[in-house]
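# Residue-level structure breakdown
Next come the chains, spelled out residue by residue.
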Amino acid sequence: MKKYDVIVVGAGNGGLSAAAYFARAGKKVLVLEKHNLPGGCATSFVRGRFEFEATLHELCQMGDGKNEVGRVGAVRQLLDGYGLNVDWVAVEEAFRTIVYDPEKGYDVTMPVGIKEFTAAMEKEVPGSGKFVQCVLEYGRMLCDGVEWLAAHNNEPGPLAKIEMLLKYGDLMKVVPKSTNEMLDRIGLPEKAKYIFESYWDYISANSDQMSFAVYCFMTYTYLTQKPWIAREKSHEISMAFDDAIRKMGGDIWYNTEVDRIDIKDGRVKGVHLKYGQYIECENVMCNLMPTVVFGRMVDPAEVPEREKKLISARIIGQNCFTLYLGLDIPYEQLGFKAYDTFVRFTGDNVKQYESFGSLDTHRDYCVTIINEVIPDCSPEGTCMVQFAKFYTDDAFRDVTEEEYFKLKDRIAREIVEHFEKITGIDLQSHIEELVVASPVTWARYLGTPQGDVYGYSPAGWDGMFPRVQSGHKLDHTVQGLRFCGGHGTQMDGYSQAYLSGAEQARYMLEEM
Ligand SMILES: Cc1cc2nc3c(=O)[nH]c(=O)nc-3n(C[C@H](O)[C@H](O)[C@H](O)COP(=O)(O)OP(=O)(O)OC[C@H]3O[C@@H](n4cnc5c(N)ncnc54)[C@H](O)[C@@H]3O)c2cc1C
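Scope of this entry: the structure provided in the associated data block.

A word on empty space enclosed by the protein. Summed over the entire model, instances satisfying the criterion amount to 6 cavities of 30 Å³ or more. Taken as a whole, the largest cavity spans an internal volume of roughly 260 Å³. Forming the boundary of the largest cavity are 21 residues, of which Pro 290, Arg 314, Asp 475, Phe 483 and Thr 489 lie nearest the centre. Elements with a contribution of two residues or more to the lining of the largest cavity: α10 (290-296), α11 (305-313), β19 (481-483) and α17 (494-511).

What follows is about the site of the ligand. The environment of the ligand is formed by 32 residues, the closest being Gly 14, Glu 33, His 57, Gly 486 and Tyr 494. Contact between the ligand and Asn 13: an oxygen atom at 3.0 Å from a side-chain N or O atom of the residue. The separation between an oxygen atom of the ligand and a polar main-chain atom of Gly 14 is 2.7 Å. Look at the ligand: alone it shows 1000 Å² of surface, and the protein chains cover 95% of it. Elements that contribute at least two residues to the shell around the ligand include exactly α1 (13-24), β14 (319-327), α15 (439-446) and α17. Of the residues forming the shell around the ligand, the biggest block, 3 residues, is contributed by α15. Built from parts of two domains, the shell around the ligand gets at least three residues from each of domain 1 (6-43 + 231-314 + 457-511) and domain 3 (319-446).

As a further point, take the sheet that holds strand β10 (residues 258-264). If you trace the 3 strands from one edge of the open sheet to the other, you get β10-β11-β12, paired in antiparallel fashion. The open sheet has two free edges, formed respectively by β10 and β12 (278-280), since each of these has just one partner strand. Each adjacent strand pair in this sheet contributes to an overall mean axis angle of 25°, direction not counted. Sheet topology note: the β10/strand β11 (residues 267-273) ladder contains 6 bridges and is antiparallel. Paired with Ile 261 across the bridge in β11 is Val 271.

Moving on to the sheet that holds strand β15 (residues 340-344). For sheets, the rule is that strands pair by backbone hydrogen bonds, running either parallel or antiparallel. Pairing in this open sheet of 7 strands is mixed, and the strands run β7-β6-β15-β16-β17-β14-β18 from one edge to the other. Because the sheet does not close on itself, it has two edges, and the strands there are β7 (106-111) and β18 (431-437). Averaged over all pairs of adjacent strands, the angle between strand axes in this sheet comes to 15°, irrespective of strand direction. Here 6 bridges tie β14 to β18, and the two strands are oriented antiparallel to one another.

Size it by volume and the second largest pocket reaches roughly 280 Å³. For the second largest pocket, the lining is made up of 13 residues, of which Phe 45, Arg 47, Ala 437, Thr 441 and Tyr 445 are closest to its centre. Going through the elements one at a time, β3 (44-47), β18 and α15 are the ones with two or more residues in the lining of the second largest pocket. In terms of residue class, the lining of the second largest pocket is made up of 8 nonpolar, 4 polar and 1 charged.

Thresholds, definitions, all that
Residues numbered from 1 in each chain as written. Predicted model: local features only at pLDDT ≥ 70, side-chain atom pairs only at ≥ 80, totals over all residues. Heavy atoms only, no water. 1 Å grid on protein atoms, 1.4 Å probe; cavity = no way out; pocket = protein on both sides within 12 Å on 5 of 7 lines; lining within 4 Å. Points joined across faces, edges and corners; volume = space filled by probe spheres on them. Helix = DSSP H or I, 4+ residues; strand = E, 2+ residues; numbered from the N terminus. Near = heavy atom within 4 Å. Polar contact = N/O pair within 3.5 Å; in protein donor to acceptor, adjacent residues only side chain to side chain. Areas by Shrake-Rupley, 256 points an atom, 1.4 Å probe, with all protein chains shown as cover. Domains from an automatic or database assignment. Pairing = 2+ DSSP bridges. Axes fitted to C-alpha atoms, helices over the stretch in contact; angles between N-to-C directions. Nonpolar A, V, L, I, M, F, W, Y, C, P; charged D, E, K, R; others polar.

Shown next as structure tokens:
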């Protein structure tokens, strides 16, 4: 059998990016994926005449350079560098937020662009504009800082650190601060703060827990570089990876589940496949969470102490109930205009977060309608509406097999009815296709604990900056074994998984 320099376990976004990085560097790489197609979350599926996007609402750091800051996004540079052939489409609005609280409610659509966003906020919350400008100025500095770090390859040496402190010392001071703490210090009025924080559940932490630096960087990047999607859905991106990896000499085996990772004396030796085959290899890049690998796929005697501590200390990120509707009316007839909408019972995301642990609170969800951006993404005369409702805990843990199907139906029905009630729109008479993916579906499909789709929730000691600092050496506990994906140093999400794949592949190449 061909001898490989490196095996990548899992063809999710992180694994595909790592594999492309290795292949481009001339390494013999083999990707092992348990499903019959690439992408993990980055996929689509067909029901009747509809092809549903499974996950992607927006990609970050994808600016094409034709924007007010003239910056080509780091993720676009990375993906272009792999030679991916994808038809990218920009989303021209930031978000719509509907808070249906009878006293403090609002319904606001926020545009992309710094000037446009600031003006829209000033209109919605008079007097807030100058504070928003101040927050976004931090965003600009954070982007410069991150760009500088990337250009210096995140060098661990003392000289780079000193230079970084001299240039970005003030920024380092805001890194440990929470989003709420910084926005309160800046003086953003409460309503403007809540609107600004609308994207919060992309980070899997509320604004008391979430690093201001990470949140502000993400929001500033969306506003200046726009959110992006792929015309043929995220499956197009994953298939473009498949094509690029093979063209660069890499191999991908689908329908190939890895059962165990063979480690002896602190060094990787190879992988066991589910149906008995053993592949020898000294370098394994895992697109699976360390909790899964060290919890189930490795000889317990070989699990390093640090990994045991990390498994206990880390909080599994949000899981998700997704509802996909194919409607027999065109988007224009739906009477609801927006691409991505956050529906909330309160603007205060600390309260929203508290309610996310229960199976009985289906009052906060995201609604995505791709037809707003790509009108012909569904057959003529139809449109697709997708709901995503997040849970912070293992909400489905105690659900029995008998209860499961009824529960799925109940949650789906309650979400639809709730949306109908607050908007006055009739969805139910127009449903042609309806598909549900519960946390149980996600757990089975991805193999993640609790059906987690967002990696590990960030914490003060476990946010992006601490992870980046320890991701090179400290969290590299087994020789020849590295991890990449939405659970990695860069946090969750498509762009972060792509970046993490490249980052960890680079570290592994240094070691090889
Ligand atoms: C509903 C929803 C909406 C989202 N929307 C967005 C969005 O708009 N923007 C955004 O940036 N992010 C979004 N995300 C998050 C994003 O999809 C994930 O953070 C990201 O795709 C995770 O990528 P990953 O590299 O960790 O791989 P995963 O997607 O977790 O893939 C892991 C891969 O490993 C494979 N695998 C698992 N076990 C084995 C094994 N033993 N052997 C072989 N293969 C194995 C799996 O089959 C899978 O292909 C969304 C997620 C969800 C669920």
